[in-house]
Amino acid sequence: MSTQGHPPGLAGESDRTRRLRDLGLNEPTVDEAFDRFAHLAASLTRAPIAMVNFINDERQMFRGLFIPPNSADAAGDTGCSWADRGIAFDLPTREMPLSHGFCPHVVAQRSPLALDDILAYPRFAGNPVVDELGVRSYLGAPLVDDTNTVIGTVCVLDREPRPWGRERLRDIQHLAEALLSEIRLRDNLIAQQQEMFAAFDGSPFPIMLTHGPDQQIRYANPRHAELFGAVAAPGPIGRAYPQLAAAGLEQAVAEAYHSGRATVLNDVRFQSTRPDAQRIHQIFSFTCTPQRAARTGRVSGVLVAGMDVTAQSRTEEELGTLAALLVDRLQQSGATTGRHGLGAGQAGLVLPG
């Protein structure tokens, strides 16, 4: 297969990846808001496939995706579906290499791209999506955020040549502008969260925030890192803190997430080493409080607040009051997105919306 039509080197790659990470958009996970934008793009342009595509240094990530059902109704005048024609448009992981498709070109050129018939353009005709997915026409517009970083595209595809015209080009550009408003809102929430997490950073209590049913750690304050160790990269509790998981914290977090009610884990015995190399035994109580996404009301993560009860007695009511205060601050900030960058003695957070 020809390798023509591969994109040129993308300027500012590390800046773009960092920006996507800051926005919580650096993973190819499903996002209902972006799926709705993709469906709208398909409807406006009457194209069978549409995407909201974010591009980092290594891959394309379809956070928003609309694909037609495998039916004759979606196949146009041919009366057969894409699957019937031996063309599979299956993206179970919502990602694609940078060598495939035309969005990397849009990002590199920072301008819209309309290909009425891809085979008419030698530069693009050999792209893998032409043979592998049967793509024959493409229309895409760049997403240029407020930092002047091109973070991705809004695009539509068809398996037949399409004279897109100025009206369709204008439609896709307007959609890109509308989508940037959604991203701008997320950015504003991030700024609010940074202020709120700065307060958490100074807390004398260990605080950790997880996201999703798989308990991915998205934030751990310096006190947590000091007591239990720093998290080098986001990951589940069981992998990052096996000693805490074995003591029952993993199960307590799972119960809070799935039940939507706070749980308390008492008498967690932990052996730590102080800077003077003296081993000390401490007893902790942890309160695990569900944190709900502002827009949907669904449980999106769990805030874990710990308290050292080695030398003093704390009631569940006191622990619950502390946890409720922390979660209230989270909710007031609209914490559904965030930053990460976990390291020794540093806070890190990412809560995809």
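Further up the page is the structure itself.
Values in this document were obtained by computation on a predicted structure and should not be read as measured data.

(A) Here's a closer look at the nonpolar core. Ranked by internal contacts, the top residues of the largest apolar core, which has 27 residues, are Phe54, Leu143, Val156, Ile172 and Leu179. Mapped onto this core, the elements with two or more residues apiece are helix H2 (32-45), strand E1 (49-55), strand E5 (137-144), strand E6 (150-158) and helix H6 (165-201). A per-element tally of this core places H6 first, with seven residues. When neighbours within four sequence positions are excluded, Ile172 is seen to be in contact with Ala41, Leu139, Ala141, Val154, Cys155 and Val156. Met208, Phe228, Phe284 and Val299 belong to the second-largest nonpolar core, a separate cluster that totals 24 residues.

(B) Structural view of the packing of aromatic side chains. Applying the stated rule across the entire model yields nine aromatic pairs. An angle of 25° between the planes, with centres 6.0 Å apart, marks the rings of Phe284 and Phe286 as stacked. Three or more aromatic residues link up through ring pairs in this structure, and these residues are Phe102, Tyr121, Phe124 and Tyr138.

(C) Spotlight on the pattern of salt bridges. This model, assessed by the stated rule, comprises 17 salt bridges. The shortest N-O distance in the salt bridge between Glu182 and Arg186 comes to 3.3 Å. Placement of the pair is Glu182 and Arg186 together in helix H6, with a separation of four residues, close to one helical turn. Accessibility assignment for this pair places Glu182 and Arg186 in one class, buried. When salt bridges with common partners are traced through the structure, they connect Asp31, Arg63, Glu182 and Arg186 into a single cluster.

(D) Representation of the environment of Arg16. One can find Arg16 in helix H1 (residues 13-22). Take Arg16: its relative accessible area is 3%, and that puts it in the buried class. Here the alpha-carbon distance between Arg16 and Thr149, two residues 133 residues apart in the chain, equals 6.3 Å. Side-chain polar atoms of Arg16 contact the backbone oxygen of Ile55, separated by 3.1 Å.

(E) Main features of the sheet that holds E6. One open sheet accounts for six strands, arranged E3-E2-E1-E6-E5-E4; its pairing is antiparallel. Here the strands that pair on one side only, and so sit at the sheet edges, are strand E3 (95-97) and strand E4 (113-115). On average, each strand axis in the sheet is tilted by 25° relative to the strand beside it, whichever way the strands run. As paired elements, strand E2 (residues 59-66) and E3 share three bridges and run antiparallel to each other. Bridging across to E3, Arg59 finds its partner in Pro97. Against the sheet, H2 contacts E1, E2 and E6, and its axis sits at roughly 70° relative to E2. The strands touched by H6 within the sheet are E1, E5 and E6, with E5 carrying the most contacts at an inclination of about 35°.

(F) Geometry of unusual backbone geometry. Positive phi, close to 55°, is recorded for Arg46, a residue that is not glycine. When you line up the elements, Arg46 lands in the loop between H2 and E1. Note on Arg46: relative accessible area 66%, which makes it exposed. In this structure, Gln215 takes a positive phi of about 60° despite not being glycine. Within the secondary structure, Gln215 is located in the loop between strand E7 (207-211) and strand E8 (216-220). Residue classification places Gln215 among the buried residues on the basis of a relative accessible area of 6%.

Rules used in this analysis
- Residue positions are given per chain, counted from 1 along the sequence in the order it is written.
- A pLDDT threshold of at least 70 governs which residues receive local features in this predicted model, and a stricter bar of 80 or more applies before side-chain atom pairs are shown or counted, although totals over entire chains, interfaces and linings include all residues.
- Only hydrogens and water are set aside when side-chain values are computed; all heavy atoms of the structure are taken into account.
- By nonpolar core is meant a set of buried Ala, Val, Leu, Ile, Met, Phe, Trp, Tyr and Cys residues that side-chain atoms within 4.5 Å join together.
- Partly exposed residues are those whose accessible area sits between 20% and 50% of the maximum for their type, while under 20% is buried and over 50% is exposed, using a 1.4 Å probe and protein chains only.
- To qualify as a helix, a DSSP run of H or I must reach at least 4 residues; to qualify as a strand, a run of E must reach at least 2; elements of each kind are numbered from the N terminus.
- Contacts: residue pairs with any heavy atoms within 4.5 Å of one another.
- Working definition: a ring pair exists when centres of Phe, Tyr or Trp rings (six-membered ring for Trp) sit within 6.5 Å. Plane angles under 30 degrees give stacked, over 60 give edge-to-face, the rest tilted.
- In the sections that follow, a salt bridge refers to a side-chain nitrogen of Lys or Arg positioned within 4 Å of a carboxyl oxygen of Asp or Glu.
- In the analysis that follows, any N or O atom pair within 3.5 Å is treated as a polar contact, provided that within protein one partner can donate a hydrogen and the other can accept it, and provided that, for residues neighboring in sequence, both atoms belong to side chains.
- DSSP bridges decide pairing: two strands pair if at least two such bridges lie between them.
- In this analysis an axis means a line fitted to C-alpha atoms, helices contributing only their contacting stretch, and an angle means the value between N-to-C directions, from 0 to 180 degrees.

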